[in-house]
Amino acid sequence: MREIKFYNTLTNDIEVFKPIKEGEVSMYVCGPTVYNDPHIGNMRPVVFFDTFSRFLKYIGYNVKYVSNITDVDDKIINKAIENNTTEKEITTHYINEYFNCLRELNVQKAYANPKVTDYMDSIISYIDKLVQLDAAYVNDGEVFFDVLKDDKYGELSKIDKDSLISGARVEENTKKKSPLDFLLWKKTEKGIKWHTPWCDGRPGWHTECCVMIDTIFNGMIDIHGGGMDLRFPHHENEIAQAEAMHHNHLANYWIHNAMMNIKGEKMSKSLGNVILAKDAIKEYGGDLIRLTLLNAPYRSIINFSDETIADSHSILQKFETVFKQLNLEMNVNNLFQEGYKPSNGIEPFLEALSNDINIANGITAMLEVIKNSNIELRKREKDFKAIKEYFYTLVNISFILGLSFKPNKFNKDDLDLYNEYIEAKKNKDFEKSDTLRKQLFEKKIL
């Protein structure tokens, strides 16, 4: 297995990846809270971690990738009341919308997409155990995690407890022993609720992921991922509970992608610049959106603008043009080979992704392959070994990046049509060649 390294937010350092089980990767990424249509920024972690998962699979790992669905939340409850319907109706609709976007973006099916409501008994048991361990306490029917009993709190976010207590980013609640404490079980007067020994209510957000990781993976995992906005308080609070329950950090490696700006500004409803993912996909197509989301270092803020869209469109056009030409050469010269895996051609791309998942550098390496392919395609005497290597290099890069380009093996009719077109061109029968050329374009052969 090739060596890969990436930035671990927990240690603030680039580390060589060493999985818990040799040849296997357990990875959990926080998914959406389904009360609204996902916006384009929500798709950045989805596309990034899907690409990372594809890369891990390509280099030989067996990847168990899980991304959850938060289907109980005050925002969902309020939306159901506003629309005079049930929480289930709201969440079902937006779960479908979310997965429609994922299909359009060619996101691979995860090992599991667990919903919080399916784990409620386990969540209640988990919270009860935290109370028994004296890591949590009950006040007026609500349950809070006692942060001051966790000496390591702030290890992920590098936020000092004293600075938090002085008022920064802490929700005020008079039921808490300390302003740092966070809610594990909330009393609710309206909407969906579950019965517990403490009160009828719903879980706090931070416990849900801990329980799903424990249940699905049955222990500590290799990688926990999500957007940088989740590092504090969500992921910090997950670690605090895991420390109390299992005396571990829940995951050995924590990976966070940066946020997205729209034309240089932070996306927000107040600025009126929120772009829904489904609208962006409809306007630009899944491949173009996906490439735009990937063509920047994942730990840097990405800018969604006319310029970045244009840059990605130019790259995509170059890829599509050369891919079709190589695919044609593969068919005409009968070069297809089952199980062929490129060697030298794809190495710079793989090396870029092995070094802190630098997909942007990988795309630069891909453009070099495209340039060399074009040089070879223009030769009068073509090197078919090189043609095959370039083609399968781009096939494999397309798979890892999650683009839609795949080998297209022509049938006999397609080949006959192409040969007839070449013959018409040779005979300078321009009317016939134009007609045949149009047919070949419609079949995406040219």
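The rules we used
Residues numbered from 1 in each chain as written. Predicted model: local features only at pLDDT ≥ 70, side-chain atom pairs only at ≥ 80, totals over all residues. Heavy atoms only, no water. Helix = DSSP H or I, 4+ residues; strand = E, 2+ residues; numbered from the N terminus. Buried < 20%, exposed > 50% of the residue type's maximum accessible area, 1.4 Å probe, protein only. Contact = heavy atoms within 4.5 Å. Areas by Shrake-Rupley, 256 points an atom, 1.4 Å probe, with all protein chains shown as cover. Lys, Arg positive; Asp, Glu negative; His and termini not counted. Charge placed at Lys NZ, Arg CZ, Asp CG, Glu CD. Expected span 1.5 Å × (residues − 1). Arc of directions from axis to C-beta. Phe/Tyr/Trp six-rings, centres within 6.5 Å; stacked < 30°, edge-to-face > 60°. Pairing = 2+ DSSP bridges. Core = buried A, V, L, I, M, F, W, Y, C linked by side-chain atoms within 4.5 Å. Polar contact = N/O pair within 3.5 Å; in protein donor to acceptor, adjacent residues only side chain to side chain. Salt bridge = Lys/Arg side-chain N within 4 Å of Asp/Glu carboxyl O. Axes fitted to C-alpha atoms, helices over the stretch in contact; angles between N-to-C directions. Parallel < 35°, antiparallel > 145°, perpendicular 65-115°, else oblique. Nonpolar A, V, L, I, M, F, W, Y, C, P; charged D, E, K, R; others polar.

1. A word on the overall build of the protein chain
Reasoning step 1: Secondary structure assignment for the protein chain yields 15 helices and 13 strands.
Reasoning step 2: Dimensions of the protein chain, computed from C-alpha atoms along their principal axes, come out at roughly 90 × 50 × 40 Å.
Reasoning step 3: Classification of the 446 residues of the protein chain by burial places 52% in the buried group.
Reasoning step 4: Summarising the internal contacts of the protein chain: among those between residues at least 6 apart in sequence, 77% fall at separations of at least 24.
Reasoning step 5: Carbon and sulfur atoms make up 46% of the accessible area of the protein chain, which amounts to about 21500 Å² in all.
Reasoning step 6: Of the charged side chains in the protein chain, 57 are positive and 66 negative, and the gap between their average positions amounts to 5 Å.

2. As for helix α3 (residues 87–104)
Reasoning step 1: Between the first and last C-alpha of α3 there are 26 Å, a value that for 18 residues agrees with the 26 Å anticipated at 1.5 Å per step.
Reasoning step 2: Among the residues making up α3, those that are buried are Glu87, Ile90, Thr91, Tyr94, Ile95, Glu97, Tyr98, Cys101 and Leu102. What you see down the axis of α3 is that its buried residues fit within an arc of 160°, all on one side. Along α3, exposed side chains directed more than 90 degrees from the buried face belong to Lys88, Glu89, Arg103 and Glu104.
Reasoning step 3: Looking at the buried side of α3, the elements it contacts are α1 (43–58), α2 (74–82) and α8 (277–284).
Reasoning step 4: Asparagine 106 lies just past α3 and shows a positive phi near 60°.

3. Things to note about the side chain of asparagine 237
Reasoning step 1: Mapped onto the fold, asparagine 237 is located in helix α7 (residues 231–246).
Reasoning step 2: Sequence-distant contacts of asparagine 237, that is, excluding residues within four places in its chain, are made with Tyr153, Phe182 and His206.

4. Regarding the packing of aromatic side chains
Reasoning step 1: The tally for this structure, following the rule as stated, stands at 21 aromatic pairs.
Reasoning step 2: Note on phenylalanine 6 and tyrosine 253: the rings are 5.4 Å apart at their centroids and 65° apart in plane angle, and the pair reads as edge-to-face. Of this pair, phenylalanine 6 sits in strand β1 (residues 5–8) while tyrosine 253 sits in strand β10 (residues 251–257), and the two are 247 residues apart along the sequence.
Reasoning step 3: Residue classification places phenylalanine 6 among the buried residues on the basis of a relative accessible area of 0%.
Reasoning step 4: Taking the relative accessible area as the measure of exposure, tyrosine 253 reaches 6% and is therefore buried.

5. Structural notes on the pairing of strand β5 (residues 136–139)
Reasoning step 1: Inspection of the sheet shows β5 paired to strand β6 (residues 142–145) by four bridges, in the antiparallel sense. From the neighbouring strand, valine 138 faces β6, where its bridge partner is valine 143.
Reasoning step 2: Connecting β5 to the antiparallel partner β6 that follows it, the hairpin turn spans two residues, and aspartate 140 within it adopts a positive phi of roughly 55°.

6. Description of the sheet that holds strand β13 (residues 302–304)
Reasoning step 1: Spatially, β12-β11-β13 is the arrangement adopted by the three strands of the open sheet, whose pairing is mixed. Whereas interior strands pair on both sides, the edge strands pair on one side only; in this sheet they are β12 (265–266) and β13.
Reasoning step 2: Note: strand β11 (residues 260–262) against β13, three bridges, orientation parallel. Bridge assignment links isoleucine 262 to a residue of β13, and that residue is phenylalanine 304.

7. Some points on the nonpolar core
Here is a general trend for soluble globular proteins: nonpolar side chains tend to be buried in one another's company.
Reasoning step 1: Counting residues in hydrophobic clusters, the biggest one holds 87 residues, and the most contacted among them are Phe6, Met27, Phe52, Leu394 and Leu401.
Reasoning step 2: Per-element tally for this core: the top contributor is helix α13 (residues 384–401), with ten residues.

8. Re helix α10 (residues 306–332)
Residues lying three or four places apart along an α-helix face the same way, a consequence of the helix completing one turn every 3.6 residues.
Reasoning step 1: The terminal C-alpha atoms of α10 lie 39 Å apart, and with 27 residues this matches the ideal 39 Å at 1.5 Å per residue to within 8%.
Reasoning step 2: After α10 finishes, the residue asparagine 334 shows a positive phi value of roughly 55°.

9. Some remarks on the side chain of threonine 292
Reasoning step 1: Counting through the fold element by element, threonine 292 comes out in helix α9 (residues 286–294).
Reasoning step 2: At 2.8 Å, the side chain of threonine 292 and the backbone oxygen of leucine 288 are in polar contact.
Reasoning step 3: Residues within four places of threonine 292 in sequence aside, it is in contact with Ile302, Phe304, Thr308, Ile309 and Ser312.

10. Notes on the pattern of salt bridges
Once their charged atoms are close, side chains differing in charge can pair, the charge on each being opposite to the other.
Reasoning step 1: Scanning the model with the defined rule gives 24 salt bridges in all.
Reasoning step 2: Lysine 175 is the partner of glutamate 142 in a salt bridge, and the nearest nitrogen-oxygen pair spans 3.0 Å. Pair noted here: glutamate 142 is in strand β6 and lysine 175 is in the loop between α5 (161–165) and β7 (182–187), with a separation of 33 residues, a long-range link.
Reasoning step 3: Residue glutamate 142 is classed as buried on the basis of its relative accessible area of 7%.
Reasoning step 4: Accessibility expressed as a relative area gives 22% for lysine 175, which makes it partly exposed.
Reasoning step 5: Through salt bridges with shared partners, one network takes in Asp134, Asp146, Lys149 and Lys177.

11. A short note on the packing of helix α4 (residues 120–132) against helix α6 (residues 205–217)
Reasoning step 1: Between α4 and α6, the shortest axis-to-axis distance is 9 Å and the interhelical angle comes to 105°. In this view, α4 runs roughly perpendicular relative to α6, as classed from their interaxial angle. Contacts between α4 and α6 involve Ser122, Ile123, Tyr126 and Ile127 from the former and Thr207, Glu208, Cys210, Val211, Asp214 and Thr215 from the latter.
Reasoning step 2: Broken down by class, the residue content of the contact of α4 with α6 amounts to five nonpolar, three polar and two charged.

12. What about unusual backbone geometry?
Reasoning step 1: In this chain, phenylalanine 232 is followed by proline 233 through a cis amide linkage whose omega measures 5°.
Reasoning step 2: Of note, proline 233 is situated in helix α7.
Reasoning step 3: Within the chain, isoleucine 357 stands out as a residue other than glycine whose phi angle is a positive 50°.
Reasoning step 4: Position of isoleucine 357 among the secondary structure elements: in the loop between α11 (347–354) and α12 (359–377).
Reasoning step 5: Within the chain, lysine 444 stands out as a residue other than glycine whose phi angle is a positive 60°.

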